[in-house]
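# Structural characterization, general
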Amino acid sequence: MEEKYWQQFLETGRIHDYLTYKGMEICRRVMDSYEDERSHESDYSDRHGACGDACRGV
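Residues numbered from 1 in each chain as written. Predicted model: local features only at pLDDT ≥ 70, side-chain atom pairs only at ≥ 80, totals over all residues. Heavy atoms only, no water.

### As for the overall build of the chain
Along the chain, the regular secondary structure elements total two helices and zero strands. Looking at the 58 residues of the chain, the share that counts as buried comes to 10%. Summing over all exposed atoms, the chain offers an accessible surface of approximately 5,300 Å²; the carbon and sulfur share of this is 54%. (Helix = DSSP H or I, 4+ residues; strand = E, 2+ residues; numbered from the N terminus. Buried < 20%, exposed > 50% of the residue type's maximum accessible area, 1.4 Å probe, protein only. Areas by Shrake-Rupley, 256 points an atom, 1.4 Å probe, with all protein chains shown as cover.)

In C-alpha cells, the structure reads:
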C-alpha cells in the first residue's frame, strides 16, 4: 500500500503526497509495534485481568 503513495509522490512531486506516504509508513510502524505488544501481553498477566489484584495487600 505504501508503494501506491510513493508512486503518487513520484508522479506529482507534491509535498502533500510525500507527507501522506510518510504518514502511512509511520502508521505501519506504530501498528507493527502495537501487534508486538499484544503478542507479549500474556507474559505480563497476573491471571486476574485488569480489575484483579493478585497481592491484595497495601
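Here the narrative resumes, following the displayed structure.
### A few points about the packing of helix H1 (residues 2-12) against helix H2 (residues 15-39)
Direction vectors running N to C along H1 and H2 enclose 165°, while the axes themselves pass 8 Å from each other. As far as their axial angle goes, H2 and H1 are roughly antiparallel. Crossing hand, H1 versus H2: left-handed. Where H1 abuts H2, its residues Glu-2, Tyr-5, Trp-6, Gln-8, Phe-9 and Thr-12 lie against Asp-17, Tyr-18, Thr-20, Tyr-21, Met-24, Glu-25 and Arg-28. Of the residues contributing to the contact of H1 with H2, the split by class is six nonpolar, three polar and four charged. (Axes fitted to C-alpha atoms, helices over the stretch in contact; angles between N-to-C directions. Parallel < 35°, antiparallel > 145°, perpendicular 65-115°, else oblique. Left-handed = near helix turned anticlockwise from the far one by under 90°. Contact = heavy atoms within 4.5 Å. Nonpolar A, V, L, I, M, F, W, Y, C, P; charged D, E, K, R; others polar.)

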